[in-house]
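Chain by chain, the residues:
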Amino acid sequence: MTQAIDRVRQALLQAGHPDTIAMFAEGTHTAAEAAASVGCSVAQIAKSIIFRSGEMPILVVASGINRIDRAKVGAALGRKVERADPAWVEATTGFAVGGVAPVGHLAPALILIDEDLLVLDPVWAAAGSPTHAFRTTPADLVRVTGGSVANVKA
């Protein structure tokens with residue numbers, strides 16, 4: 001777990017983002033838990049969901065209140081998108097489900113950012129473990145991930 005958090009920290013710093021990683025003993029496994037822990041609305045949680053297209057990881061960073069429409073994700077990327085099982089997610093990204101960060105992955109991913117996050121400031125994202133998150137702005141989230149903004153909510 002420490003290695004995963006360190007990868008997130010390094011990715012943030014390399015992208016010119018301050019180290020805003022904080023530990024929350026109450027946990028940040030779900031969007032609701034994360035919001036309660038950090039003291040923000042559930043919408044301000046930038047949850048990272050991994051799908052797959054063949055062996056390519058697809059990362060969708062969405063507002064904590066939104067469900068993701070896999071068909072919209074596939075249409076935005078022009079490829080078939082499937083669910084990814086937790087073992088594949090961890091092996092491919094280096095993060096266990098519940099701690100998947102938007103940066104610091106072991107393998108490059110195609111990244112979409114939920115357009116609904118753009119009106120929220122700040123937003124909080126997982127930082128490599130279910131008890132760590134980092135504070136950022138929507139603009140910085142797009143910048144550090146290199147993701148494309150899209151309508152992904154169901």
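The structure we're discussing is the one just above.
Quick summary incoming for the structure in this document. Everything numeric in this text was worked out from a predicted model, so none of it was measured.

## Details of the pattern of salt bridges
Part 1: Summed over the entire model, instances satisfying the criterion amount to six salt bridges.
Part 2: Where E55 meets R52, a salt bridge forms, and the shortest distance between an N and an O atom there is 2.5 Å.
Part 3: What makes R52 buried here is its relative accessible area of 15%.
Part 4: Two residues, K153 and D116, come together in a salt bridge whose shortest N-O distance is 3.0 Å. With K153 in the segment after β8 (148-150) and D116 in the loop between β5 (110-114) and β6 (123-126), this pair connects stretches of sequence that are 37 residues apart.
Part 5: Judged by relative accessible area, which is 32%, K153 ranks as partly exposed.
Part 6: Judged by its relative accessible area of 22%, D116 falls in the partly exposed class.
Part 7: Taken together, the shared-partner salt bridges connect D6, R9 and D19 into one network.

The rules behind the values
Residues numbered from 1 in each chain as written. Predicted model: local features only at pLDDT ≥ 70, side-chain atom pairs only at ≥ 80, totals over all residues. Heavy atoms only, no water. Salt bridge = Lys/Arg side-chain N within 4 Å of Asp/Glu carboxyl O. Buried < 20%, exposed > 50% of the residue type's maximum accessible area, 1.4 Å probe, protein only. Helix = DSSP H or I, 4+ residues; strand = E, 2+ residues; numbered from the N terminus.

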